[in-house]
Amino acid sequence: DHLDLHSFPTRRSSDLLSGVFDLAAILALFLLAVRLYNRKIAFLAAALYALAVFPIQMSHFFTVDSFATVFVLTAVYFLLLAIPLDQPDLKITTSNYKYFGLFGLMAGMAGACKVNTLPVLGLVFVAGLIYILLFRKQSHIWQLIKTIGFGLFLTVLLAFIAFRVFQPYAFN
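Residues numbered from 1 in each chain as written. Predicted model: local features only at pLDDT ≥ 70, side-chain atom pairs only at ≥ 80, totals over all residues. Heavy atoms only, no water.

Caption draft 1: Geometry of a nonpolar patch on the surface. Where nonpolar side chains cluster on the molecular surface, the patch consists of F150, F153, L157, F160, I161, V165, F166 and F171 and spans about 770 Å² of accessible area. Here V165 is to be found in helix 7 (residues 141-166). Of the residues examined, V165 reaches a relative accessible area of 54% and is grouped as exposed. (Patch = residues over 30% accessible without salt bridge, like charges linked within 9 Å, V, L, I, M, F, W, Y side chains within 5 Å. Areas by Shrake-Rupley, 256 points an atom, 1.4 Å probe, with all protein chains shown as cover. Salt bridge = Lys/Arg side-chain N within 4 Å of Asp/Glu carboxyl O. Helix = DSSP H or I, 4+ residues; strand = E, 2+ residues; numbered from the N terminus. Buried < 20%, exposed > 50% of the residue type's maximum accessible area, 1.4 Å probe, protein only.)

Below is the structure:
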């Protein structure tokens, strides 16, 4: 007749899915903190998130927040791999395109889960501008601008595709 969200199989699968995504959020937060700080801070961040009441409550009620959190955290992680502002000695090359694409994919999926996470897409433009400003006096600046420009195009394209595929109702 109708879908009962409190029935045993549905409730168990929603609990399992929420739990898996909450564990993925803890892992993504850990990896992001290792990248930005160190393992000690990463363990602290992961423990604090794991013990926080809000993610547990949102997971219990099977809301989209746990899913969106995973996609936002992984998007920021891929952003740091695409545009390594935290490690300025690393240069942006065409091999960074895969990270631009993964950032766009994750940002689009986050937006498909919860539309108010779409502004995370703007981070790539801010990071790209900062990176260009940091290296503006180098001789290869135009090559860098072209590389970042194509990375931005790739990001927006994959974000749009991910949003379109995972939130088709937005286009009705």
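Caption draft 2: Main features of helix 5 (residues 97-113). Taking 1.5 Å as the rise per residue, helix 5 with 17 residues should run 24 Å; its terminal C-alpha atoms sit 24 Å apart, in good agreement. Extensive coverage of helix 5 is indicated by the burial of twelve of its 17 residues. Within the span of helix 5, buried status applies to Y97, F100, G101, F103, G104, M106, A107, G108, M109, A110, G111 and A112. Packing partners of the buried residues in helix 5 comprise helix 4 (65-82), helix 6 (122-134) and helix 7. (Expected span 1.5 Å × (residues − 1). Contact = heavy atoms within 4.5 Å.)

Caption draft 3: Representation of the packing of helix 4 against helix 5 in the model. For the pair helix 4 and helix 5, interaxial distance at closest approach is 8 Å and the crossing angle is 160 degrees. Considering the angle they form, helix 4 stands roughly antiparallel to helix 5. As helix 4 runs across helix 5, the sense of the crossing is left-handed. For the pair helix 4 and helix 5, contact is made by F67, A68, F71, V72, T74, A75, V76, F78, L79, L81 and A82 and by Y99, F100, L102, F103, M106, A107, M109, A110 and C113, respectively. Its residues placed into classes, the contact of helix 4 with helix 5 shows 19 nonpolar, one polar and no charged. (Axes fitted to C-alpha atoms, helices over the stretch in contact; angles between N-to-C directions. Parallel < 35°, antiparallel > 145°, perpendicular 65-115°, else oblique. Left-handed = near helix turned anticlockwise from the far one by under 90°. Nonpolar A, V, L, I, M, F, W, Y, C, P; charged D, E, K, R; others polar.)

Caption draft 4: The arrangement of the nonpolar core in detail. Among the nonpolar cores identified, the biggest contains 39 residues, and I83 and F103 are the most heavily contacted of them. Among the elements of the structure, helix 1 (8-36), helix 4, helix 5, helix 6 and helix 7 are those that each provide at least two residues to this core. For this core, the element with the most residues is helix 4, which contributes ten residues. (Core = buried A, V, L, I, M, F, W, Y, C linked by side-chain atoms within 4.5 Å.)

Caption draft 5: Local environment of the pattern of salt bridges. Applying the stated criterion to the full structure yields two salt bridges. Across the pair R35 and D86 runs a salt bridge whose closest N-O atoms are separated by 2.8 Å. Of this pair, R35 sits in helix 1 while D86 is found in the loop between helix 4 and helix 5, placing the two residues 51 residues apart along the sequence. One salt bridge connects D65 with K114, and the closest N-O pair in it is separated by 2.5 Å.

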